[in-house]
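Residue strings, one per chain:
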Amino acid sequence: MTDAVPDGEALGTLLRHVLDVLDGDVAAVYTEQGVADYRPRFSPPLRVLLADGPLPIRDLARRVGVTHSAASQTVAQMARAGLVELTPGADARQRLVHLSARARELLPLVEAEWAATSAAMRQLDDELPAPLADVLHAVLAAVRRRPLRRRIADAGLPAPPA
């Protein structure tokens with residue numbers, strides 16, 4: 001990972017960079033614990049499956065707060081890592097996602113990492129002008145009220161050709 005910081009005007013690049021830095025450090029924790037194939041993005045679905053039992057990918061996506069496509073990709077990665085198993089659902093299009101025995105073995109580590117990461121983020125929040133999650137939720141609320149594409153158009157971008 002590079003120490004270079006993206007231009008402050010390139011907000012998408014900056015957001016991805018911040019996420020890469022944070023996720024990279026969490027991934028390093030798993031590597032240090034001997035679980036190099038575990039990705040930070042696996043924890044939210046794993047926790048939902050632990051709480052709610054086997055779920056169709058669509059329901060898992062909704063509960064985690066990601067698109068169906070993103071959930072499907074994550075589930076495929078989790079299956080390759082031996083963390084979930086897929087079984088047929090109510091119809092041919094549906095697949096139910098179940099936690100595997102390996103996932104259940106890793107639960108103590110995942111839960112300990114989740115708690116430690118939450119505590120570390122609270123410490124990080126103390127160094128910031130506002131808690132990071134609060135800022136991100138505020139951004140989401142603002143763009144739901146008035147999407148960025150509308151703001152771009154209002155800022156003077158010429159209308160597309162007819």
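Above this text sits the structure in question.
Rules and cut-offs
Residues numbered from 1 in each chain as written. Predicted model: local features only at pLDDT ≥ 70, side-chain atom pairs only at ≥ 80, totals over all residues. Heavy atoms only, no water. Patch = residues over 30% accessible without salt bridge, like charges linked within 9 Å, V, L, I, M, F, W, Y side chains within 5 Å. Areas by Shrake-Rupley, 256 points an atom, 1.4 Å probe, with all protein chains shown as cover. Salt bridge = Lys/Arg side-chain N within 4 Å of Asp/Glu carboxyl O. Helix = DSSP H or I, 4+ residues; strand = E, 2+ residues; numbered from the N terminus. Phe/Tyr/Trp six-rings, centres within 6.5 Å; stacked < 30°, edge-to-face > 60°. Buried < 20%, exposed > 50% of the residue type's maximum accessible area, 1.4 Å probe, protein only. Lys NZ or Arg CZ within 6 Å of the ring centre and 35° of its normal. Axes fitted to C-alpha atoms, helices over the stretch in contact; angles between N-to-C directions. Left-handed = near helix turned anticlockwise from the far one by under 90°. Contact = heavy atoms within 4.5 Å. Nonpolar A, V, L, I, M, F, W, Y, C, P; charged D, E, K, R; others polar. Pairing = 2+ DSSP bridges.

1. What about a nonpolar patch on the surface?
Reasoning step 1: Residues V135, V139, L140, V143, L148, I152 and L157 make up a contiguous nonpolar surface patch of about 580 Å² in total accessible area.
Reasoning step 2: For the nonpolar patch, the secondary-structure elements that each account for two or more residues are helix 6 (132–145) and helix 7 (148–154).

2. Things to note about the packing of aromatic side chains
Reasoning step 1: Summed over all chains, the structure comprises two aromatic pairs.
Reasoning step 2: Ring centres of Y30 and Y38 lie 4.4 Å apart, and the angle between their planes is 35°; on these two criteria the pair is classed as tilted. Taken individually, Y30 and Y38 each receive the classification buried, so the pair is uniform in this respect.
Reasoning step 3: Pairwise contacts between aromatic rings join Y30, Y38 and F42 into one cluster.
Reasoning step 4: Against the face of W114 rests R47, its NZ or CZ located 4.1 Å from the ring centre.

3. A short note on the packing of helix 1 (residues 11–32) against helix 5 (residues 101–127)
A packed helix pair is summarised by two numbers, namely the angle formed by the two axes and the spacing between the axes.
Reasoning step 1: As a packed pair, helix 1 and helix 5 sit with axes 11 Å apart at the nearest point and diverge in direction by 145°. As for how helix 1 packs across helix 5, the hand of that crossing is right-handed. Residues L22, V26, V29 and Y30 of helix 1 lie in contact with helix 5, whose contacting residues are L109, V110, E113, T117 and L124.
Reasoning step 2: A class-by-class count of the residues in the contact of helix 1 with helix 5 yields seven nonpolar, one polar and one charged.

4. Details of the environment of L99
Reasoning step 1: Tracing the backbone shows L99 in strand 3 (residues 95–99).
Reasoning step 2: In this structure L99 comes out as buried when scored by relative accessible area, which is 9%.
Reasoning step 3: Through-space distance from the C-alpha of L99 to that of L50 is 7.4 Å; in sequence the pair is 49 residues apart.
Reasoning step 4: Those residues in contact with L99 that lie beyond four places of it in its chain are L46, L49, L50, L83, V84 and R104.

5. Notes on the sheet that holds strand 2 (residues 84–88)
Reasoning step 1: Taken in spatial order, the three strands of this open sheet run 1-3-2, and their pairing is antiparallel. Both edges of this open sheet fall to strand 1 (55–56) and strand 2, since each of them pairs with a single strand only.
Reasoning step 2: Packing against the sheet, helix 2 (residues 43–52) makes contact with strand 1, strand 2 and strand 3, and its axis sits at approximately 90° to strand 3.

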